[in-house]
Every structure is written in C-alpha cells, then in structure tokens.
Amino acid sequence: MDKPMSATAAPTSAEELIAQDVGARLPGGVMEKSIALLALFWSLFQLWIASPLPFIIGFGVMNDTETRAIHLGFALLLAFLVFPAFKRSPRDRVPATDMILGLVACASSLYLFVLYEQLATRPGILTIGDFTTALIGLPLLLEAARRVLGPALPLIALAFVGYSLAGPWMPGLLSHRGVQLEALANHQWITTEGVFGIALGVSTSFVFLFVLFGALLERAGAGHYFIQLAFSLLGHLRGGPAKAAVVASGLTGLISGSSIANVVTTGTFTIPMMRKVGFSAEKAGAVEVASSVNGQIMPPVMGAAAFLMVEYVGIPYVEIIKHAFLPAAISYIALLYIVHLEALKLGMQPLETVQSKPWLLRLTGFAFGVALVSGISLLVYYGLSWLKPILGDYTLQGVAVLLALVYIGLLKIAASNEPLAQENPDKPLDQLPETRQVLLSGLHYLLPVVVLVWCLMVERLSPGLSAFWGTVILVIILLTQRPLLNWLRKDGRHDYGNIQDGVIDLREGLVAGARNMIGIGIATATAGIIVGAVSQTGVGLVLADLVEMLSMGNLVLMLLLTAVLSLILGMGLPTTANYIVVSSLLAPVIVTLGEQHGLIVPLVAVHLFVFYFGIMADVTPPVGLASFAAAAVSKGDPIKTGITAFYYSLRTAALPFLFIFNTDLLLIDVDWAHGIAIFIVSTIAMLIFAAATQGWFLTRNKWYEGILLLLVAFTLFRPGYWVDQVIEPYQSSNPAQLAQTLESLEQGSVLRMRISGEDSVGKMRDFSVLFEVPHGSSGQDRLDALGIATYQQGEQTLIDVVSFASPAEAVGLQFDQQIVDVRIPVERFRKEWMWIPALLLFVGVVMMQRMRIKRTQ
C-alpha cells in the first residue's frame, strides 16, 4: 500500500526538499505548460488586485471575499496538480483523479466569488447548495494540506472540527454546548470567520506579493549576490564560512517565507564550505538551521507573520517592524558570536591567503561600500523629500525619472566590474571574492528594496501596495538589466544576454513566486479552520483554565507551559500557519492569566512570545523540519543536527521571556537615546549569555564562571528585577479615595487597579488593569476621563458606570465589578543603575579567565 508523504520523513537530497516545497510533480508536455500557465495567471491576478489600475479604469474591482475565493481557488487547483497524493504516486504525469479533485476544490472556493451577491443578501441562511459546497470544500482543503504540508496541520484542524461537533460529549473542562453540522459548514466555509477569514485575507493581500518579490529578486540574481557578499566580508575570519552562512541566511530570511526554503537555498552552498574549514556535518547543518530559522523572526517579512500581526494585534505595520527588530538583530549578532566561539573551541585559523592582505585596504574597501550604500539611501530619502513639494502633481513622473537615472548609474558601476562567479561548493576554499568588486557588481539589486522600504516606512503605504511598487521596479530590472549591461560594458568580454532572456527570467520568476505560495495559501486557509473553531466554541478559555490549573498560579511556570505548548503545536507547520495556530490558541492564554496574576503585557509582546516558540519547532527534534533539510544537505544525522541547532538557539528561546518582563527590548515607549542604550547593553548581555551557554568565553568556562555570566546577562536584560526586590514598585491606595489619588499623580504616570467580578461573558475572575493618568484639572475630571463612576457598598468600592468608548471599557471593566486595590508608582532610583554592578562582576570574570590563560602559557 502507498504511504502518504510525511513531514517527518527525512528527504534524501536537497533537490527532493526543494521539490517537496514547491510541488514534486513535473509532468512534462501540455500539463507542465498548463501548470506553469496557471501559476503565471495567479501571479498576474495578484499584481492586478494590488495595483491601482482597477480603480483608475473602473474595471476588475473586487472586495476582500471575492479576492480570497479566487486566491484559494488557484492554490487548491495547483496543489492537486503538482503535489502527488502518495510517495509512490506518479511524478511524470497528473492522474485524472487529481485533475478532477483539483477542479472540484477550485470550484468549491470560487462558489463564494460567483454567488457573492446572493450570499450577502442572506447572511446565516444556508441553502442546500451552500451546505453541499462546504461539505465538499472542507475535506478537499484538508487533503490539499496533507499533500502540501504533511499530516500535522490537517490533523490539528480535523481535531478542532471534531471538537466543535462533539462538544456535549467532551469530559468536564472541555465540554461545551456543541455545534450543529449546518452551523459549522456555514461558519467555516460560507462566512469569513473560518477558512476565508483574516489569515487567508492577509495571504491574499500582502503575503503573496512579498513572496513574489522574493522570487523575482532571486531570479534577478540577488540571492547569489547576497551569498557572495557575505563570503567576501566574513570568509577570511575564524570559521568564516559559518559566519558568512549566518549573514547570507539573514539576508535571504529578510524576504523568505519559509525556514526550509532558506536552509535549502543558502545551505547547498554554505554547508559544504563550513565542512571544509573543520565543522562537523551536524554542526555545519545546525549553524545553517539556526541562522535560517532566525530569518523568520527578522523584519520586514518575518515568514509572513508580520502582516498577520497587523490584523491580530491591531497596530500599524511600521510599529510591528519597530518592535520586532531589536530582538531579531540581537539574536543574529549572538549567533555570529556563537559561531566564533565554536571556531575557537575547534582551534580554527583564518584563511592565510586572505590574512596576508593589508587590513587597512580591506577596511577602506568596506568603508567605501558602506559609504556608497549610505549615499544612495540619503539620495533617495532627501531627493524624494525635496522633489515632492517642487514637482507637485508630477511627482510620480519625476520620481520615475530619478529612479531610472540612479538605476542606469548603478548598472554602469556593475558593468565596470567583473560579473560574479557561479556558486561552486566543490571548489577548493583557497581564495575569496573581493568585497569591493562583489559589492559594486550588484548595487542595483538594492534599488527595489530601497523602494519597498521607502513606501513602507516613509510614505506609509499599505504593505501590499508597497510590495507592488517594489515588484514593478524588479520587473523593470529583470527585463532591462541584461541588454543594458551589454550596452554599458565597453570591452565586450562578457555577454549578459538579451531582452528575450529577461522575459524568460520574468516569466520563470512569476511562476516560481506562485508555486512558492501554494503552501502558504493552503496553510493560511487550513489554519482558518482552527481560528473558526476557536471563535465558535470558546476553546481558548478552556485552554487558559487548563494552563492555569497546571501552572498552579505560578507566572513563570505558566509561561513555560505556554512555550512548550507553542513548540508542540508548531511541529510540522510552516511559519505562517504556525503563527496563526499558536496566536489563536495561546496568546489569549497569556493575556488572560497574566492579567489575573498582575502581569500586564502589551499584546504585541504576547504575540511575539508565542511566535518565537512556534518557529522553534522547525529546529527542535523529533520533527524539526529545518533540521531534516540541513541534514539532507550535510549528510549528517538529523536528530543530532536538531539537538545542536536547538542548543545554538537557546538565545532565541530566552528572548521571549525577557521581553515579556522587560518590554523596553521591544522599544515600547522608549525614546531614541534610550533605545540606542538598550540595543548596546542588550547585545552585550546576549553575547555574555551565549558565552555562558556555550561554555567558552576567553577560554573554557569553569562551572561557577558560567553561572556568574548568566547572572550578569540576566541583570543587564532585566535590571528592574533586582530593584523590585529592594523597593516595591507600587504602594497601595484606598479605592474609596480614587479621585483624590488621581489628583495627586502627575499626568502620564501609570495607575494599577486590581479588579474582581464578572467579565463580559459572566465568568467570575480577578484581574489587573493599567491606566495612564489622563489630563484633568481635578481628580474627578480625571476619573471622568477614564470613564469610571463608582459607589460604596459598605467597605467595598464598586463600579457604577463605565462610559462607552472610554479607557475603562477598553480594558474590560464592567458594571458592579469591585475595585479591590489601587496601586500607585513609587519614586525609585532608575533601574539602569543595576547595570554597573553587573558590569563590575563581568570584569571580575574576565580577569579570572585572563589569569588562568597566563598560567597555562
């Protein structure tokens, strides 16, 4: 009997991994062209709905539900055509059953597009046609998910469907009133609460365009450029190829939506190079896994989770980027240091052929490159800022001319340098590319990235529209770079190709972008089933009760349990689906239980917490898909690779706990000066943490030195902990004198209340809330501004009125809840003073290790 494709089976080669990621079936002939044509049409459709053209010409304007239906229709049809049902299913042809299943699944999705107007006029009223379509569409979606993603996600989704239907028969804590089959079909398929919900909407509006942007950038040659640039910069250092792998994977991860794709894309070149300089197969694979998975937490794409966070957290995309950047950057810097420590432990030396070059010349070349990139960035920033008021209505045309001139100038620089050599991991590692030559040969690849960042950060356009304009620049580059480079290169020594080659590059890039999106489109739709079940059954509250019971009220244990659950739920899931599942199920758990135990954390910190641990499942055995991918390239043991990669990733596992208790790490409510100080100190702290966990600093650590280094790192990360042990951060105030308390506080200071009573669903609970003291001439004015009116019942202070759309309503206060305690901040010394004893302790460790090194010499 044929066995279904499993996410946990170790593929035999990197080529097989790539095939599994984008569709393992290559039928040839008419069917191959049909599949490519479908993928091409999907990319063109996504570009059409993202562009302003439909609104300009008044044709092809569609609403969110219609575009989601078409998006999923393409994904389902392509999934059945290019992903075989079983390992032994034919790869060289598409069976008729798969064609029929694909067409039926596509039709089930397009049902919402075709009958949208009818469905809109009868919300909640299910016809036989609606019911039948849902009963066909849901199983076919789960089958498509099994083929594309393996069994993990469809099994989880199926369990939630079963839980929805079997509610009355579930034991004790898990029981609920149950969902009728008709209601489930309506909720999951016909409305926008399930399959066609927010997750699929984000995939349609934003994610596809960023994945397409990455595919086109790769096809243009930027992926090879990034790898060569990383090697030219870092290849000469101790363990240089490993450090280059970290940077190359980081650059690839900026635009990649998949940990596995990142591993395979860069790993096929970097892992053999690492092995050549002395890394074992497992360690080489682990370095690639750690750096590739780290790419999923690095803005601006974050494995497409950044766009989902915009919808789930409810803050602008730019804010998501700001909050996520510092932990991701610190984590990457620490990984570079871990690689350096590994090189020291293995006694590696820098490459002699490069070492002999004057360091001043290398430094000058690097400085020139940085200055050139900075100059281009400043030219774009200030040039556009000055042009906009001058050109007025002709700004778009003026910017187009400016970009064209910059593009021609950068191509002229590229034509003046030798083109990059092709990647060859079998070539002896005796010479590295020149940094200056590599940098100058591909500066034009940075132009679409600059346009993308400009649109996102400065113009504040939507992520979808920003990616559209970045893609437009990429399309122009793909079509024109070859003939223009031939024209600008005067010596005629290299033939870059013609415009026909550019058209082929564009076509293949559009097809590759669509094929890369099959998995994400299917994953977001399938994860929508889980989101729909959560909203229909209230299982999130059940999970919160379960975690609270197991943690026995201990806050740290509650976070540990949530982290473990995130790891378990994330096993075998791609990054996007992973985030949807863990954020839907576990983010509300942290929020609810945190409030009950006095821990009030910004929602973005909670979502980043579960996201970090969710993607750690790509590393962690026994599933660890990224570890299996790296082992397929390195020919090492996948379990050992996963364990080593998890060991390297401890820094990433520590960060979520740190920023839950110290939100300064997410740059929440900090100014620029404070932010820079936090970045420097946090980076030092993470490097110290890495040295402690790796057992090596200046030399091999003694056991007590490791403990001291961990203590230093903890203090630098969370100095407020020690201050809280010495001086209580808050003092209690009588709730009956709430108005007087508000009057005594400065505007903008923080007031904490402990509340007891029924919540919005009638459940009794105790929780804490924070208020920023509003403006007001008196305490009563400030109380009114908060939206609260109170009354006394004996010694109890109860809430009488909560004003509509007030701060009090926003934090969940209700009529008749009791204000148990009011706590006001205490004047204390700044927590940053605790950095001084921590750094003195660190100096002590340095001196101990230096003395030990001298004794051994």
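Residues numbered from 1 in each chain as written. Predicted model: local features only at pLDDT ≥ 70, side-chain atom pairs only at ≥ 80, totals over all residues. Heavy atoms only, no water.

For clarity, the cut-off: UniProt positions are given in the numbering used here, feature names are shortened, and annotations may be inferred rather than shown by experiment.
Where an unreviewed UniProt entry is consulted, the chain appears under the name TRAP transporter permease, with the organism given as Vibrio marinisediminis. Taken from UniProt, the Subcellular location (unreviewed entry) comment for the chain reads in full: "Cell inner membrane".

**Comments concerning the domain arrangement of the chain**
Convention followed: Domain extents, as shown, originate in an automatic or database domain assignment. The contact rule is simple, with two residues in contact once any of their heavy atoms fall within 4.5 Å. Take the accessible area each of two parts loses on contact, using a 1.4 Å probe, and add the two losses: that sum is the buried area. Only one rule defines a salt bridge in this text: a Lys or Arg side-chain nitrogen within 4 Å of an Asp or Glu carboxyl oxygen. Here a polar contact is recorded for every N or O atom pair within 3.5 Å, except that within protein the pair must consist of a potential hydrogen donor and a potential acceptor, and residues adjacent in sequence are included only if both atoms are side-chain atoms. Secondary structure elements are defined from DSSP: runs of H or I of at least 4 residues count as helices, runs of E of at least 2 residues count as strands, and each element is numbered from the N terminus. All amino acids are sorted into three groups, where Ala, Val, Leu, Ile, Met, Phe, Trp, Tyr, Cys and Pro are nonpolar, Asp, Glu, Lys and Arg are charged, and the leftover types, Gly among them, are polar.
Here the chain is described as being made up of domain 1 (18–199), domain 2 (522–671) and domain 3 (730–827). Look at where the C-alpha atoms of domain 1 and domain 2 centre, and you get two points 26 Å apart. In this complex, domain 1 contributes 31 residues to the contact, which on the side of domain 2 involves 29 residues. Taking both sides of the interface into account, the surface hidden between domain 1 and domain 2 amounts to around 2300 Å²; carbon and sulfur atoms contribute 78%. The largest share of the area that domain 1 buries against domain 2 comes from Leu153, Phe160 and Leu173, three residues that together contribute 26% of it. If you look at where domain 1 meets domain 2, you find zero salt bridges. The interface formed by domain 1 and domain 2 holds four residue pairs in polar contact (both at pLDDT 80 or more) in total. Elements with a minimum of two residues in the side of domain 1 that touches domain 2: α4 (64–82), α7 (128–149), α8 (152–165) and α9 (181–190). The greatest single-element share of the side of domain 1 that touches domain 2, amounting to nine residues, is contributed by α8. Residue composition of the side of domain 1 that touches domain 2, grouped by class: 25 nonpolar, five polar and one charged.

**Notes on the pattern of salt bridges**
Convention followed: Each residue gets one of three labels from its accessible area relative to the maximum for its type: buried under 20%, exposed over 50%, partly exposed in between, using a 1.4 Å probe on protein chains only.
Enumeration over the complete set of coordinates arrives at 17 salt bridges. A salt bridge links Glu705 to Arg852, with the shortest nitrogen-to-oxygen separation between them at 2.8 Å. One end of the pair, Glu705, is in helix α33 (residues 703–717); the other, Arg852, is in helix α38 (residues 835–856), with 147 residues separating them in the sequence. For the pair formed by Glu705 and Arg852, the shared burial category is buried. A single network of salt bridges, built from pairs that share partners, joins Asp98, Glu143, Arg146 and Arg147.

**Comments concerning the packing of aromatic side chains**
Spelled out, the test is: Aromatic rings from Phe, Tyr and Trp, with only the six-membered ring used for Trp, were paired whenever their centres fell within 6.5 Å, and each pair was classed as stacked if the ring planes differed by under 30 degrees, edge-to-face if by over 60, and tilted otherwise. Note on geometry: a ring has a charge over it if NZ (lysine) or CZ (arginine) is within 6 Å of the ring centre and within 35 degrees of the ring normal.
Inspection of every chain in the model, using the stated rule, returns 22 aromatic pairs. Look at Phe468 and Trp469: their rings are 5.1 Å apart centre to centre, the planes differ by 70°, and that puts the pair in the edge-to-face class. Judged by its relative accessible area of 10%, Phe468 is buried. What links up through ring pairs into an aromatic cluster is the set Tyr312, Tyr579, Phe611, Tyr612 and Phe659. The ring of Phe86 carries Arg146 above its face, with NZ or CZ at 5.3 Å from the centroid.

**Quick word on the environment of Asp505**
Positionally, Asp505 belongs in helix α23 (residues 499–537). With 329 residues separating them along the chain, Asp505 and Met834 place their C-alpha atoms 57 Å apart. Ignoring sequence-local partners within four residues, the contact set of Asp505 consists of Arg219, Leu478 and Arg482.

**Some words on the confidence of the model for the chain**
What counts is decided by this rule: The predictor reports its confidence for every residue as pLDDT, a score running from 0 up to 100.
Confidence in the prediction of the chain, expressed as mean pLDDT, is 84, and 91% of residues score 70 or more. Confidence over residues 1–15 falls short of pLDDT 50; this stretch has 37 contacts with residues more than four positions distant or in other chains. Taken as a whole, residues 353–357 scores under 50 in pLDDT and shows seven contacts with residues more than four places along the chain or in a different chain.

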